[in-house]
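# Residue-level structural notes
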Amino acid sequence: MAAKEKDGRLIVAENRQARHEFFLNETLEAGLQLLGTEVKSLRKGQANIAESYASIEDGGVWLINSYIPEYKGAGPFYQHEPRRKRKLLMHAKEIHKLAIAIERRGMTMIPLELYFNERGRAKLKIALAEGKKLHDKRETAKKRDWDREKQRIMRDKG
């Protein structure tokens, strides 16, 4: 079974490292074009999107380098390729908007969450992101530590 349940969603995989490595600007939701054995593997809670990214090719958006393991309950003939490219289902206007942002501003598309929505459909939350430099990461860590220290002081003072 999938790991968590938030507001009717069943989260299968998260990319927690993305918030550390990138400035996340805008998030979008996209459907996935999956095979039957991939859906069954996802329902068991098996997937990894930590090393994956999305790319615009041939007029569509593709999820590249995501890992969905083979489903052991199916025979060897019906298996899928674990690291195959998967098409993301989005409206043409959204794809065009993403293409402009990537081309003009040098952004990248990073997957954040892979989950099943309330209707049982596999969805992927992707973000338009800009890479952080090392000094940006240090600044973020300082801010997080200071916020934690502020909370500690406020709690102790009463």
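Reading guide: rules and limits
- Residues numbered from 1 in each chain as written.
- Predicted model: local features only at pLDDT ≥ 70, side-chain atom pairs only at ≥ 80, totals over all residues.
- Heavy atoms only, no water.
- Buried < 20%, exposed > 50% of the residue type's maximum accessible area, 1.4 Å probe, protein only.
- Helix = DSSP H or I, 4+ residues; strand = E, 2+ residues; numbered from the N terminus.
- Pairing = 2+ DSSP bridges.
- Expected span 1.5 Å × (residues − 1).
- pLDDT = per-residue confidence, 0-100.

What follows covers the pairing of strand β2 (residues 9-14). Of all six residues that make up β2, five are buried, and the element is covered over most of its length. In terms of strand pairing, β2 meets strand β7 (residues 108-116) through four bridges, oriented antiparallel. By the bridge assignment, alanine 13 is partnered in β7 with leucine 114.

To continue, consider helix α4 (residues 134-157). Its 24 residues give α4 an end-to-end C-alpha distance of 35 Å, which sits within 8% of 34 Å, the value for a rise of 1.5 Å per residue. The first or second residue beyond α4 is glycine 158, which carries a positive phi of 115 degrees.

Per-residue pLDDT for the protein chain averages 84, and the proportion of residues at 70 or more is 96%. Element-level mean pLDDT values for the protein chain span from 61 in strand β1 (residues 4-6) up to 90 in strand β6 (residues 86-89).

By the secondary structure assignment, glutamate 94 is in helix α3 (residues 92-105). Sequence separation between glutamate 94 and alanine 30 is 64 residues, and the spatial gap between their C-alpha atoms is 9.8 Å.

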